[in-house]
There are 2 protein chains.
Amino acid sequence: MDHVEFILDQWRRERPDLDVTAMGVVGRVGRLSLAYLKPMEKTFARFGLNAAKFDVLATLRRAGAPHCLSAGALMKATMVASGTMTNRIDRLEVDGLVSRTTNPEDSRSFLIALTPEGRALIDQVVEAHVATQADLIEGLSAEEVAQLSALLAKALNALESS
Amino acid sequence: MDHVEFILDQWRRERPDLDVTAMGVVGRVGRLSLAYLKPMEKTFARFGLNAAKFDVLATLRRAGAPHCLSAGALMKATMVASGTMTNRIDRLEVDGLVSRTTNPEDSRSFLIALTPEGRALIDQVVEAHVATQADLIEGLSAEEVAQLSALLAKALNALESS
DNA sequence: CCTATATATCTTGACGTCGAAGTAATGCGA
DNA sequence: TCGCATTACTTCGACGTCAAGATATATAGG
């Protein structure tokens, strides 16, 4: 019995009038998400990064050459507030991992690009990251992984269309 | 195609040498967890609470009468750092929702209990919370919910035993 | 009994995040 | 063309969280 089941049992005992089915899903998603964070943060730390920095570098890298996006595009892609993105870019700029230049097409906008150092680093980090993630799902069969992915995708789609 | 699939496709294009299967699961868990947070926070806010406060009140309530646990037990049950728990208790004490008394069995320890006001409030909040969670999984059939719960539980158990 | 180690919880400084506000530039409609 | 609304990003204050450190108490072993 996992800990979430223990919690659900407590609620069933204390408030038998409540249907805690959804709490099982929501609780386990939250708990699993939390459980995944620590090992990933540990991997980032090996390269002098954290999740916040990795998020930006990875977004630029997967965007493909010239690995360059506006601050606003980065903010939307990573789903954080604008102040958060400014903070992230500031720190990566100080680290020499990204450059910030004015956008010739819009004077309000900045273009954020990977520096050669940033590019080299993220290419290393993402390999370690992917290996860490593979470890995290090791206890599931390939079929279970596919099922879980599909169900999670369905849950996400249902949320995003409501 | 959900956004995570878009990200996976980007990585497949940019780094075809990497197996991004796990990233699908981990990415969707994270994203779903994030997507669940906002609606729940909104519900808590209707009662003047946030997730941090709700967490403590709910833990005390589901523990059953006398709705009383040590700070350390609360910290372990909610998986936060000790400073975090102190901060949460401080604020709830100010709000008059919990009381803090010394533990007669151990002078280092404090007992945190729901006040009558806290008890009344959490009983209301948990009803709204459960309803909000039900809304969040509405796009899934009962069978899908059961499957998802089982797979998430398996993923959690695998992590916790490694 | 005494001493060393472990434990309970608070304090503290640092950090990342949020939403609101501010400033400058762009887009749209009259 | 001009004025207003919208947009892009930075700044700022508040907040919750973390890990490390501090202090007092409990436990274990000699």
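Keep in mind that this is a model prediction, so the values were computed, not measured.

Visitor: Looking at this model, I keep getting lost on unusual backbone geometry. Mind explaining?
Guide: With the exception of glycine, the majority of residues adopt a negative phi angle, and the majority of peptide bonds are in the trans configuration. For the bond running from A65 of chain A to P66 of chain A, omega is 0 degrees, close enough to zero to count as cis. Turning to its location among the elements, P66 of chain A is positioned in the loop between helix 3 (51-62) and strand 1 (68-70).

Visitor: Would you mind going over the relation of the copies chain B and chain A with me for this structure?
Guide: Mapping between the two chain copies consists of a rotation about an axis together with a translation along that axis. Taken as rigid bodies, chain B and chain A are interconverted by a rotation of 180 degrees and an axial shift of 0.0 Å, the fit giving an RMSD of 0.0 Å. What we have between these two chains is a two-fold relation. By C-alpha distance to the rotation axis, the residue of chain B lying nearest is V29 of chain B, at 3.0 Å.

Visitor: Where do I start with the nonpolar core in this structure?
Guide: A general feature of soluble globular proteins is that nonpolar side chains tend to end up buried together. If you look at the biggest cluster of nonpolar residues, it comprises 89 residues, and the most contacted ones within it are Y36 of chain A together with Y36 of chain B. Excluding residues within four positions of it along the chain, Y36 of chain B makes contact with V25, V26, V29, A155 and L159 of chain A together with L136 and I137 of chain B.

Visitor: Mind showing me how you'd approach the domain arrangement of chain A here?
Guide: Per the domain assignment, the segments making up chain A are domain 1 (1-35) and domain 2 (47-161). One C-alpha centre belongs to domain 1 of chain A, the other to domain 2 of chain A, and the line joining them spans 32 Å.

Visitor: Would you take a moment to explain the sheet that holds strand 3 (residues 106-114) of chain B for this structure?
Guide: Each strand in a sheet pairs with another by means of backbone hydrogen bonds, the pair being arranged parallel or else antiparallel. All names here are of chain B. Taken in spatial order, the three strands make up an open sheet running 1-3-2, and their pairing is antiparallel. Of all the strands in the sheet, just strand 1 (68-70) and strand 2 (98-103) have a single pairing partner and so form its edges. Neighbour-to-neighbour, the strand axes of this sheet turn through a mean angle of 30 degrees, independent of strand direction. Taken together, the three bridges between strand 1 and strand 3 define a ladder with antiparallel strand orientation. Of the residues in strand 3, the one forming a bridge with S70 is L111. Its contacts with the sheet place helix 4 (residues 71-78) against strand 1 and strand 3, and it is angled at close to 90 degrees to strand 1.

Visitor: Sorry, what's going on with the pairing of strand 3 (residues 106-114) of chain A here?
Guide: All names here are of chain A. When strand 2 (residues 98-103) meets strand 3, the two strands line up antiparallel, connected through six bridges. Its bridge partner being in strand 3, T102 is matched across the sheet by F110. Two successive antiparallel strands, strand 2 and strand 3, enclose a turn made up of two residues.

Visitor: In this structure, what is going on with the protein's contact with DNA strand D? I would like to understand it.
Guide: Inspection of the region around DNA strand D gives 22 residues, with G72 and T86 of chain A together with T84, R88 and R91 of chain B positioned closest. Sugar and phosphate atoms constitute 71% of the interface atoms of DNA strand D, taking the interface as everything within 4 Å of the protein. A distance of 2.5 Å is found between a phosphate oxygen of DNA strand D and a side-chain nitrogen or oxygen belonging to T86 of chain A. Taking F110 of chain A, its main chain carries an N or O atom lying 3.0 Å from a phosphate oxygen of DNA strand D. Put simply, the parts of the chain that give the surface near DNA strand D at least two residues each are helix 4 (71-78), helix 5 (82-94) and strand 3 of chain A together with helix 5 (82-94) and strand 3 of chain B. Here the surface near DNA strand D gets five residues from one element, more than from any other, and that element is helix 5 of chain B. Partitioning the surface near DNA strand D into residue classes produces five nonpolar, eleven polar and six charged.

Visitor: Looking at this structure, I do not really get the interface of chain B and chain A. What am I missing?
Guide: For interface size, the figure often reported is the accessible area lost on association. With 59 residues of chain B at the contact, the number on the chain A side is 59 residues. Interface area, chain B with chain A, both sides summed: about 5,900 Å², of which 71% is carbon and sulfur. Three residues, W11, R62 and L151 of chain B, lead the burial of chain B against chain A; their summed loss comes to 12% of the area buried on that side. Across the chain B-chain A interface, the total number found is eight salt bridges. Across the salt bridge formed by E144 of chain B and K154 of chain A, the nearest N and O atoms sit 2.9 Å from each other. At the junction of chain B with chain A, the criterion picks out 14 residue pairs in polar contact (both at pLDDT 80 or more). Elements that contribute at least two residues to the side of chain B that touches chain A include exactly helix 1 (3-14), helix 2 (21-46), helix 3 (51-62), helix 6 (116-136) and helix 7 (142-160) of chain B. When residues of the side of chain B that touches chain A are assigned to their parent elements, the largest contribution, 16 residues, is made by helix 2 of chain B.

Visitor: Explanation requested: the side chain of R15 of chain A in the structure shown.
Guide: Mapped onto the elements of the fold, R15 of chain A is located in the loop between helix 1 (3-14) and helix 2 (21-46). Note on R15 of chain A: relative accessible area 8%, which makes it buried. Those residues in contact with R15 of chain A that lie beyond four places of it in its chain are R61, D123, V126 and E127 of chain B.

Visitor: Is there a simple way to think about the UniProt feature "domain: HTH marR-type" (unreviewed entry) in chain A in this case?
Guide: Using the residue numbers shown here, the UniProt feature "domain: HTH marR-type" (unreviewed entry) corresponds to residues 22-157 of chain A. Across residues 22-157 of chain A, the secondary structure splits into 70% helix and 13% strand, with the terminal C-alpha atoms separated by 17 Å.

How each quantity is defined
Per-chain numbering applies: the sequence of each chain, read as written, is numbered from 1 onward. Lettering for chains starts from A, numbering for ligands starts from 1, and both go in the order in which the items are written. Since the coordinates come from a predicted model, pLDDT governs what is reported: local features require at least 70, and pairs of side-chain atoms require 80 or more to be given and counted, while whole-chain, interface and lining totals use all residues. Excluded from the side-chain calculations are hydrogens and water; all other atoms, namely the structure's heavy atoms, are used. Helix and strand labels come from DSSP, where a helix needs a run of H or I of at least four residues and a strand needs a run of E of at least two; each type is numbered from the N terminus. To superpose the copies, least squares is applied to the C-alpha atoms of every residue with a pLDDT of at least 70 in both. Among buried residues, those of type Ala, Val, Leu, Ile, Met, Phe, Trp, Tyr and Cys that are joined through side-chain atoms within 4.5 Å constitute a nonpolar core. Note on classification: 1.4 Å probe, protein chains only; a residue is buried when its accessible area is under 20% of the maximum for its type, exposed when over 50%, partly exposed between these limits. Here, two residues are considered to be in contact whenever any of their heavy atoms come within 4.5 Å of each other. For the purposes of this description, domain bounds are those given by an automatic or database domain assignment. By the convention used here, strands pair only if DSSP detects at least 2 bridges between them. Only the contacting stretch of a helix is used when fitting its axis, a line to C-alpha atoms as for every element, and angles between N-to-C directions run 0 to 180 degrees. We define proximity as follows: a residue is near a molecule or strand when any one of its heavy atoms falls within 4 Å of that partner. Two N or O atoms count as a polar contact when they lie within 3.5 Å, although within protein this holds only if one can serve as hydrogen donor and the other as acceptor, and sequence-adjacent residues are included solely when both atoms are side-chain atoms. Amino acid classes used here: Ala, Val, Leu, Ile, Met, Phe, Trp, Tyr, Cys and Pro are nonpolar; Asp, Glu, Lys and Arg are charged; the rest, including Gly, are polar. Put simply, buried area is the surface a 1.4 Å probe can reach on two separate parts but cannot reach once they are joined, added for both. One speaks of a salt bridge when a side-chain nitrogen belonging to Lys or Arg is within 4 Å of a carboxyl oxygen belonging to Asp or Glu. UniProt positions are given in the numbering used here, feature names are shortened, and annotations may be inferred rather than shown by experiment.

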